[in-house]
2 protein chains.
Amino acid sequence: MSDRIRQDSFGEAPDAGEWLVREDPDARCFGCGQGNERGLRLRFRRTGPGAVEAEYEAPEHFAGAPGVVHGGIQAALLDEALGFAAHAADDGQDFDLVTVEFSLRYRRPAPSGAPLRIRGRLLRREGRDYWVAGEIVDASDGLLTEATARWRRIDGRRVPRDAD
Amino acid sequence: MSDRIRQDSFGEAPDAGEWLVREDPDARCFGCGQGNERGLRLRFRRTGPGAVEAEYEAPEHFAGAPGVVHGGIQAALLDEALGFAAHAADDGQDFDLVTVEFSLRYRRPAPSGAPLRIRGRLLRREGRDYWVAGEIVDASDGLLTEATARWRRIDGRRVPRDAD
């Protein structure tokens, strides 16, 4: 995730739930920037307090082994989901978060060219630290990859983000 | 990392050390496939037993926050380094590895558009499991991001890789 998130609502959205999308055409974040045609262009929606979800189908150029989404691209999908979840937990307040720690467990291959669902949710918050978790599941809701992370809130100033 | 690694030597390589590069123009792995013009096209060289290194300069479309390499792209860089290190440890034997666990710690922002060095090394091996570690450092060898992972060797058969 990059930059602050601007929350927009789209009444015509196919799914209910508030959308958390950076519609700014100049938004270039590899994960969520709708203006980055080489990026993932993820569009998350809030599914509950501190819970977000997005759908994604990876093109083959994001595969590692043929037909399997590269582990780093899966990390990018989950990094976005967890960061959006931390932001969503605070109801869109304008603040910065940085990734501090990020752990993944790869359970089953994530297929490219097939619909995937990426979820993130807040586990707990202690002061400036947000513990978040998420997963990538397939169209049958089968678990593919799990992740947990700790993000840190940086109040009141622009920060050089850790990693994203 | 995807597929088995074919080791090629390039006498004209600017750096000494055996190169571990999949020169196959059809190699499409997002991380190491030289034939994937949308990928990272990493070229690792062996720097010691079970130790590899590559240089990379990330274009801005791989940034998260402006000027900072996206955390997921950093994960892709490190995933490749750690996988190559595990392979390098076995002297290029032909076998498959899958990522089981992968953890990252983001210390400082990794700048896009600047030379980065990505390193991987084998920590220990127990049976089919390889514990590997690596880091991304800047041009001054300053630590930016650290990673550890456990890879598992899958002998004698093609496998649906976990994540890459």
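Residues numbered from 1 in each chain as written. Chains lettered and ligands numbered in written order. Predicted model: local features only at pLDDT ≥ 70, side-chain atom pairs only at ≥ 80, totals over all residues. Heavy atoms only, no water.

### A look at the nonpolar core
Next up, step 1: The biggest cluster of nonpolar side chains holds 78 residues, and the ones touching the most others in it are Leu40, Phe102 and Leu104 of chain A together with Leu40, Phe102 and Leu104 of chain B.
Next up, step 2: Dropping the residues within four chain positions of it, leucine 104 of chain B is found in contact with Val100, Glu101, Phe102 and Leu104 of chain A together with Ala75, Leu78, Thr145, Glu146 and Ala147 of chain B. (Core = buried A, V, L, I, M, F, W, Y, C linked by side-chain atoms within 4.5 Å. Buried < 20%, exposed > 50% of the residue type's maximum accessible area, 1.4 Å probe, protein only. Contact = heavy atoms within 4.5 Å.)

### Re the interface of chain A and chain B
Next up, step 1: Between chain A and chain B, the contact holds 41 residues from the first and 41 residues from the second.
Next up, step 2: Across the chain A/chain B interface, buried area totals approximately 3200 Å², and carbon plus sulfur atoms make up 58% of it.
Next up, step 3: Between glutamate 101 of chain B and arginine 105 of chain A there is a salt bridge whose closest N-O contact spans 2.5 Å.
Next up, step 4: Applying the counting criterion to the chain A and chain B interface returns 15 residue pairs in polar contact (both at pLDDT 80 or more). (Buried area = accessible area lost by both parts, 1.4 Å probe. Salt bridge = Lys/Arg side-chain N within 4 Å of Asp/Glu carboxyl O. Polar contact = N/O pair within 3.5 Å; in protein donor to acceptor, adjacent residues only side chain to side chain.)

### Thoughts on the relation of the copies chain A and chain B
These two copies of the chain differ by a rotation about an axis and a displacement along the same axis.
Next up, step 1: The transformation that overlays chain A on chain B combines an axial shift of 0.0 Å with a rotation of 180°, and the residual RMSD is 0.0 Å. Here the two chains are linked by the operation of a two-fold rotation axis. For chain A, the residue whose C-alpha comes nearest the rotation axis is serine 103 of chain A, separated from it by 2.1 Å.
Next up, step 2: Both copies present the same face, since 100% of the interface residues in chain A are matched by interface residues at the equivalent positions in chain B. (Least-squares fit on C-alpha atoms with pLDDT ≥ 70 in both.)

### Observations regarding the side chain of histidine 61 of chain B
Next up, step 1: On the secondary structure map, histidine 61 of chain B appears in the loop between β3 (51–57) and α1 (71–89).
Next up, step 2: On the accessibility criterion, histidine 61 of chain B (19% relative accessible area) is buried.
Next up, step 3: A polar side-chain atom of histidine 61 of chain B sits 3.5 Å from a polar atom in the side chain of arginine 38 of chain A. (Helix = DSSP H or I, 4+ residues; strand = E, 2+ residues; numbered from the N terminus.)

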